[in-house]
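Chain residues, written in single-letter form:
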Amino acid sequence: MQQPKTLFKKIWDKHIVVEENGAPAVLYIDLHLIHEITSPQAFAGLHERGLPVRRPDKTIATMDHSTPTTNLSLPIHDSQAKAQLEKLKQNCEAFGIELYEMGSPRNGIVHVIAPESGMIQPGKTVVCGDSHTSTHGALGALAFGIGTSEVEHVLGTQCLLQYKPKTYQVQINGTLEAGISAKDIILALIAKIGTGGGTGHVFEYTGTAINNLSIEERLTICNMSIEAGARAGMIAPDDTTIEYLSGKEFSPKEETWDRAVAYWKELPSDEGAEYDSQVSLEVSDLAPMITYGTNPGMGMKITDLIPDPALASTLEERKASEKALVYMDLRPGQKIINLPIDVAFLGSCANGRISDLRQAAAVMDGRKVADSVKMLVVPGSQEVKRQAESEGLDKVFKEAGADWREPGCSMCIAMNGDHLEPGQYAISTSNRNFEGRQGKGGRTFLASPLTVAASAVSGNITDARTIIN
Amino acid sequence: MPSFKKLTSKIIPLPLDNIDTDQIIPARFLKAIDKESVVEGLFADWRYQSDGKPIPEFVLNQPAYQGANILLTGDNFGCGSSREHAPWALVGWGIHAIISTSFADIFNNNALKNGLLPILVDTKTHQSLFDLAEENPDAMLKINLEDQTVTLPNKNSFEFPIDAFAKKCLLNGMDQFGYIMSFESQIRDFESTQIEAGSII
């Protein structure tokens, strides 16, 4: 009998071109996503070698990190950003790569447009010069972020050198109470295992709570796998996956669809398949989660008190925690609820999808953003924006006093002019609260769309359950 | 890629866990389209005040560490974004080896492609190196990649792990692109038997 295999191992084995002893495997890549920030030096390298892009048909480019979210018909003020966007356009033209340009109907954040258009399918290997490529594992693909040298490798050879990562089963069981979302699950996991807990591993999320999540919720979970140090996070394809992909632009059609579905059904991990590590998390008693520090592992229940760095197990950990609290201007033992905020950000590849906007809009309908708060709502893609506008969500946000913007990474990475001022506090649906991530000197609380919406209308950090019931 | 064989240098201590790539190089420095100019952004928000003046206490600004090449730092170094600008900036400043108890995966991969050696140590060795750097800031470490050893001023030494392929690439300054290209015929076979034949849908 064949050895039982994990989902990861099935996809890995099928994509090995060469595996020699003492060297990393040559792994074939089915889909290469690129954007303006991590590609220019890779194209320059390829150009120097005098080589073409091996498979432009397996490569898709978008503009997302430094694109403005205000009026797209105006010229871009930032000359460096403008030059970088123009470079991407020139490179795509020169190398024959399809580009979803800023403002075009298919443009958006790379990790939003690829799943929504059906490009990401179970069993595929997907890479991008972007750590949040882990997002796409939600559809049963093996997807991970790479550096620019590796972008050059994939452009030129459609392959990557990779050591086989270890596998890590993340069992998430239980039933979520009202007001608790996928973002709270993943923040709770990262708080439990730490930002380096998954290093060297690929996560496979399993368990009853995962089975009950929609694809958009699964995308939120897998998106933040990298924040626990895992390069990839995966969820086995099931009926929810198949239903999601049915009829999408890039999904297989007719007879190929039937063959694809049959193939996808073989992918889930076999009974008895072994993982290198395991962790389990019970989520029935989960509360909304929020971060208080400067990495996504510094998270806690919104109802808890800020932990004391003195409890850290090593000196370096204690120093990092103390530095984080100084940066955030918070104290051990302090309550986080009711702390005032200056900015509320709803968007990003973690939570910029239509279901995220719907949840926030449900809280904000008929309410006003507090006078002291500036709120930005940035849909993840033009498609999300169109859908939201067709449902009237834009009106809900605008009537509440929030800014309704054009799609892009925006204030998640603060490269496009949307940024915090030094010392400002933001509550944000994005995925990183590192020092200065949302603007030099800015301070970030990561939370779910519900918590962000509830806090925006209250003007301070609020448990959404207290206003939606 | 530059090769790495031996290195003798003072230790630059930066005793913090989980230093992320947004600290190593903040996002506003990622708009460059070359590799050379990104060094300006290295630890920019820890090195400079908002008016652009250097922060004298930050270790990279201290005169004693100018010209030093070995960074000693906390666990999970390089977590966060995949930006290869982080090793470009570190190497641009003169850091050629980093010692820690762990490195984030993507950072580790990126470092190895830029002649930057990540040296993994256990917590005891890690602590003794911090003690050494504090007691004697002029202490020199000798790194020998061929032997996979680090030698302390008292002539004691310890070994560090590195996989054979990464070691070969670093010792020879070997370009991994060329290595993948050497399998061109296997890649072509794979495409015709697996991809085009529809075995992978």
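Note that the structure is predicted; figures quoted are calculated from it, not measured. Residue numbers restart at each chain and count upward from 1, following the sequence in its written direction. The lettering of chains begins at A and the numbering of ligands begins at 1, in the order of writing. Note on the predicted model: pLDDT of at least 70 is required for a residue's local features to be given, and 80 or more for side-chain atom pairs to be given and counted; whole-chain, interface and lining totals, by contrast, use all residues.

Some thoughts on the overall build of chain A
When helices and strands are counted, chain A shows 17 helices and 19 strands. Computed over C-alpha atoms, the radius of gyration of chain A comes to 21 Å, within 12% of the 23 Å expected from 2.2 N^0.38 for 469 residues, which places it in the range of a compact globule. Projected onto its principal axes, the C-alpha positions of chain A cover 55 × 55 × 45 Å. Here chain A holds 469 residues, and the buried ones make up 60% of them. Residue pairs at least 24 apart in sequence account for 77% of intrachain contacts in chain A once pairs closer than 6 positions are excluded. The helix and strand labels rest on DSSP assignments: H or I over at least four residues marks a helix, E over at least two residues marks a strand, and numbering proceeds from the N terminus. Two things to know: the radius of gyration comes from C-alpha atoms, and the globule rule equals 2.2 Å times the number of residues to the power 0.38. Once C-beta atoms are placed from the backbone, each residue is buried if 20 or more other C-beta atoms lie within 10 Å of its own, exposed if 12 or fewer, and partly exposed for counts between those two. We call two residues in contact whenever the C-beta atoms placed from their backbones are within 7 Å.

Focus on the interface of chain B and chain A
With 45 residues of chain B in contact, the opposing surface of chain A contributes 63 residues. At the level of elements, α1 (21-24), α4 (105-112), α6 (164-172), α7 (176-181) and α8 (184-195) of chain B are the ones that each hand at least two residues to the side of chain B that touches chain A.

Considering helix α3 (residues 85-93) of chain B
Extensive coverage of α3 of chain B is indicated by the burial of seven of its nine residues. All of the buried residues in α3 of chain B are H85, A86, P87, W88, A89, L90 and V91 of chain B.

Examining the sheet that holds strand β9 (residues 166-173) of chain A
All names here are of chain A. Here we have four strands laid out as an open sheet, ordered β11-β10-β9-β12, and parallel in their pairing. Two strands lie at the open edges of the sheet, namely β11 (232-234) and β12 (277-282), each paired on one side alone. Averaged over all pairs of adjacent strands, the angle between strand axes in this sheet comes to 20°, irrespective of strand direction. Two strands form a pair only when DSSP identifies at least two bridges running between them. Relative to β11, strand β10 (residues 201-206) is paired through three bridges, and the arrangement is parallel. Opposite E204, over in β11, you have M234 as the bridge partner. Taken strand by strand, helix α1 (residues 7-14) contacts β9, β10 and β11, and its axis lies near 130° from that of β10. Only the contacting stretch of a helix is used when fitting its axis, a line to C-alpha atoms as for every element, and angles between N-to-C directions run 0 to 180 degrees.

Regarding the nonpolar core
Only buried Ala, Val, Leu, Ile, Met, Phe, Trp, Tyr and Cys residues enter a nonpolar core, and they are joined through C-beta atoms within 7 Å. I185, A344 and A453 of chain A together with L72 of chain B are the most contacted members of the largest nonpolar core, which has 202 residues in total. Per-element accounting of this core gives the leading share, eight residues, to helix α6 (residues 182-193) of chain A. Domain borders in the structure are assigned automatically or taken from a domain database. Both domains that meet at this core, namely domain 1 (7-277) and domain 2 (289-468) of chain A, each give it at least three residues. Not counting the four nearest positions on each side in its chain, A344 of chain A is found in contact with V373, M375, I427, V452, S455 and A456 of chain A.

A short note on the sheet that holds strand β1 (residues 6-14) of chain B
Picture the strands of a sheet paired through backbone hydrogen bonds; they go either parallel or antiparallel. All names here are of chain B. Pairing within the open sheet is mixed, and its seven strands lie in the order β4-β3-β2-β1-β5-β6-β7. Two strands bound the open sheet, and with one partner strand each, they are β4 (117-120) and β7 (157-159). Averaged over all pairs of adjacent strands, the angle between their axes in this sheet comes to 30°, without regard to strand direction. Where strand β5 (residues 140-144) lies against strand β6 (residues 149-151), three bridges are found, and the strand directions are antiparallel.

Details of the domain arrangement of chain A
Residues and elements named next belong to chain A. Each domain of chain A was delimited in the assignment, giving domain 1 (7-277) and domain 2 (289-468). Put simply, the middle of domain 1 and the middle of domain 2, counted by C-alpha atoms, are 24 Å apart. Domain 1 puts 38 residues into the contact, and the matching count from domain 2 is 39 residues. Going through the elements one at a time, α4 (110-116), α6 and α8 (215-223) are the ones with two or more residues in the side of domain 1 that touches domain 2. In terms of residue count, the dominant contributor to the side of domain 1 that touches domain 2 is α6 (six residues).

Quick word on the packing of helix α2 (residues 40-49) of chain A against helix α5 (residues 148-157) of chain A
Residue and element names in this part refer to chain A. Two elements in contact, α2 and α5, have axes separated by 8 Å at closest approach and are oriented at 50°. Here α2 lies oblique to α5, going by the angle between them. The two elements α2 and α5 cross, and the hand of that crossing is right-handed. Along its contact with α2, which presents Q41, A42, G45, L46 and R49, the element α5 presents T148, V151, E152, L155 and G156. Here the contact of α2 with α5 is composed, by residue class, of four nonpolar, four polar and two charged. Note on terminology: angles under 35 degrees are roughly parallel, angles over 145 are roughly antiparallel, angles of 65 to 115 are roughly perpendicular, and the others are oblique. The hand of a helix crossing depends on one turn: near helix anticlockwise from the far one by less than a right angle means left-handed, and clockwise means right-handed. Under the convention adopted here, Pro, Cys and the residues Ala, Val, Leu, Ile, Met, Phe, Trp and Tyr are nonpolar, Asp, Glu, Lys and Arg are charged, and Gly plus all remaining residues are polar.

Considerations on the pairing of strand β3 (residues 31-34) of chain A
All names here are of chain A. Of the two faces of β3, the one holding L31 and L33 and the one holding H32 and I34 are both buried throughout. Bridge analysis of β3 against strand β6 (residues 125-128) gives three bridges, and the strand direction is parallel. Bridging from a neighbouring strand, L31 pairs with V126 of β6. Note: β3 against strand β4 (residues 59-62), three bridges, orientation parallel. Looking at β4, one finds that H32 is bridged to T59. Crossovers are marked right-handed if the path from the first strand over the helix to the second runs clockwise, as seen with the strands pointing away from the viewer. The β-α-β motif built from β3, the intervening α2 and the parallel element β4 has right-handed crossover chirality.

Looking at unusual backbone geometry
Phi at A414 of chain A takes a positive value of approximately 55°, unusual for a residue other than glycine. Inspection of the secondary structure puts A414 of chain A in the loop between β17 (403-404) and β18 (425-428). By the C-beta count within 10 Å, which is 24 here, A414 of chain A ends up buried. Notably, Q148 of chain B is not glycine yet its phi reads approximately 55°, a positive angle. Tracing the sequence through the fold places Q148 of chain B in the loop between β5 and β6.

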